[in-house]
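Observations on the model geometry
Below, each chain spelled out in residue letters.
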Amino acid sequence: DEYWDNAVSIAFDDSGEPWLAWSDFDYSTYSYQIKTAHGIPFENVSVAVPQDGYQVSPDLAFTDRMWLVWQDWEAQGGRIMLKSISGGSFSCQLSEIGSWATSPSISEGPSGLLHAVWVQTDDSGSRVIWTCGDQGGFSAPVAITEQQFPVCHSPGLGLVDGILVLSWQEDGIASCIMASTWNGSEWSQPVQVEEHSGHLSSPR
C-alpha cells in the first residue's frame, strides 16, 4: 500500500487563481480522502471528500465553477463521482451503478459544458466512457471506444485552442497512444499517435 499524498491535479478559475486536488491518506481512518487547496501559497486546505474508504484519482476543471471528479473505490466496485467545489452546490454519480469504473478525467468543452471520461471494465475488456453536462444534469454515459482486451486505460481530456482533445492508452500485443477530437456533436474516429512493442506510460 502507498500511504502518502498522491495523484495531484491543478486547474485555474476565472480569476486565474490555481486550485489543487489530491488523494490524502488519513491514518486515523485508514483510508484516502480528497483534499483541495487554493490561493497562493495554497493556505486554504480543506477536505473535499471526507468519507471513509479509498477516494482516489481526483481531477479538476473549471467552467462557470470549479468541478472535482474522483473515483470512489468501494468493495463492490469503483464508481465515478462529481461535485462542484465553488459556484454552487452540485453532486452526482456519473458512472452506471454496478459497473467497475476508474481513471476519471474532466475538462471544459468548447460550448462551456463539462466533459467527463473514465474507463469501464468488465470480464471481456475495457472501454472509455464519456458524458457531458452542467449543474442541470449530465447526458447518459456512452462508450466512445471499442471494447478492448486486455486493457484500455488512462484517458485524458484537454481543451486546446477551442478544440477538445481526448487521449488514452491501449495495451495488447503492442502499447498504443490513441486520440480523438470533439466536433460539437460527436467524437472523431480515433487515430493512433504512437505505438511501441514495449510499454508506453500514461498519455495524460
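Just so you know, these numbers come straight off a predicted model, no measurement behind them.

1. A closer look at the overall build of the protein chain
Counting its secondary structure elements, the protein chain contains 0 helices and 17 strands. Looking at the 204 residues of the protein chain, the share that counts as buried comes to 47%. In the protein chain, the share of contacts with a sequence separation of at least 24, taken over all contacts with a separation of at least 6, comes to 33%. With an accessible surface of roughly 10100 Å², the protein chain has 52% of that area assigned to carbon and sulfur atoms.

2. Examining the packing of aromatic side chains
Overall, the coordinates contain 11 aromatic pairs when judged by the stated rule. Between Phe25 and Tyr32, the ring centres sit 5.2 Å apart and the planes meet at 65°, which makes this aromatic pair edge-to-face. Each member of the pair, Phe25 together with Tyr32, is buried. Ring centres 5.0 Å apart and planes at 40° place the aromatic pair Trp130 and Trp182 in the tilted group. One end of the pair, Trp130, is in strand β11 (residues 125–134); the other, Trp182, is in strand β16 (residues 175–182), and 52 residues separate them in sequence. Exposure class is identical for Trp130 and Trp182. Each is buried. Joined through ring pairs, the aromatic side chains of Phe25, Tyr27, Tyr30, Tyr32, Tyr54, Trp73 and Trp100 make up one cluster.

3. A short note on the confidence of the model for the protein chain
Put simply, the protein chain has an average pLDDT of 89, and 90% of its residues get 70 or more. Taking the mean pLDDT of every element in the protein chain, the minimum, 76, falls on strand β17 (residues 191–196) and the maximum, 96, on strand β12 (residues 137–138).

4. As for the pattern of salt bridges
Going through the model one piece at a time under the given rule, you end up with 3 salt bridges. Between Asp24 and Lys35 there is a salt bridge; the shortest N-O distance is 3.3 Å. With Asp24 in strand β2 (residues 18–26) and Lys35 in strand β3 (residues 31–38), the pair connects residues that are 11 residues apart, well separated along the chain. Under the relative-accessibility criterion, Asp24 is labelled buried at 10%. Its relative accessible area of 22% is what places Lys35 among the partly exposed residues. Among the ionic pairs, Arg65 bridges to Asp64, the shortest N-O distance being 3.2 Å.

5. What about the pairing of β2?
One face of the sheet, then the other: side chains in a regular strand alternate in exactly this way. Where burial is concerned, most of β2 is hidden: 9 out of the 9 residues are buried. Judged by which residues are buried, β2 turns out to be covered on both faces: Pro18, Leu20, Trp22, Asp24 and Asp26 on one side and Trp19, Ala21, Ser23 and Phe25 on the other are all buried. Joining the antiparallel neighbours strand β1 (residues 6–12) and β2 is a turn of 5 residues, in which Gly16 adopts a positive phi near 90°. Where β2 and β3 come together, 8 bridges link them in antiparallel fashion. From the neighbouring strand, Trp19 faces β3, where its bridge partner is His38. Counting the residues in the hairpin turn of β2 and β3 gives 4 residues, including Tyr30, whose phi is positive at 55°.

6. Structural notes on unusual backbone geometry
If a residue is not glycine, its phi is most likely negative; likewise, a peptide bond is most likely trans. Residue Ile40 is joined to Pro41 through a cis peptide bond whose omega torsion reads 10°. By secondary structure assignment, the location of Pro41 is in the loop between β3 and β4 (44–49). One non-glycine residue with positive phi stands out, namely Asp161, at about 50°. You can see Asp161 is positioned in the loop between β14 (151–160) and β15 (163–171).

Each value, and the rule that gives it
- Residues numbered from 1 in each chain as written.
- Predicted model: local features only at pLDDT ≥ 70, side-chain atom pairs only at ≥ 80, totals over all residues.
- Heavy atoms only, no water.
- Helix = DSSP H or I, 4+ residues; strand = E, 2+ residues; numbered from the N terminus.
- Buried < 20%, exposed > 50% of the residue type's maximum accessible area, 1.4 Å probe, protein only.
- Contact = heavy atoms within 4.5 Å.
- Areas by Shrake-Rupley, 256 points an atom, 1.4 Å probe, with all protein chains shown as cover.
- Phe/Tyr/Trp six-rings, centres within 6.5 Å; stacked < 30°, edge-to-face > 60°.
- pLDDT = per-residue confidence, 0-100.
- Salt bridge = Lys/Arg side-chain N within 4 Å of Asp/Glu carboxyl O.
- Pairing = 2+ DSSP bridges.

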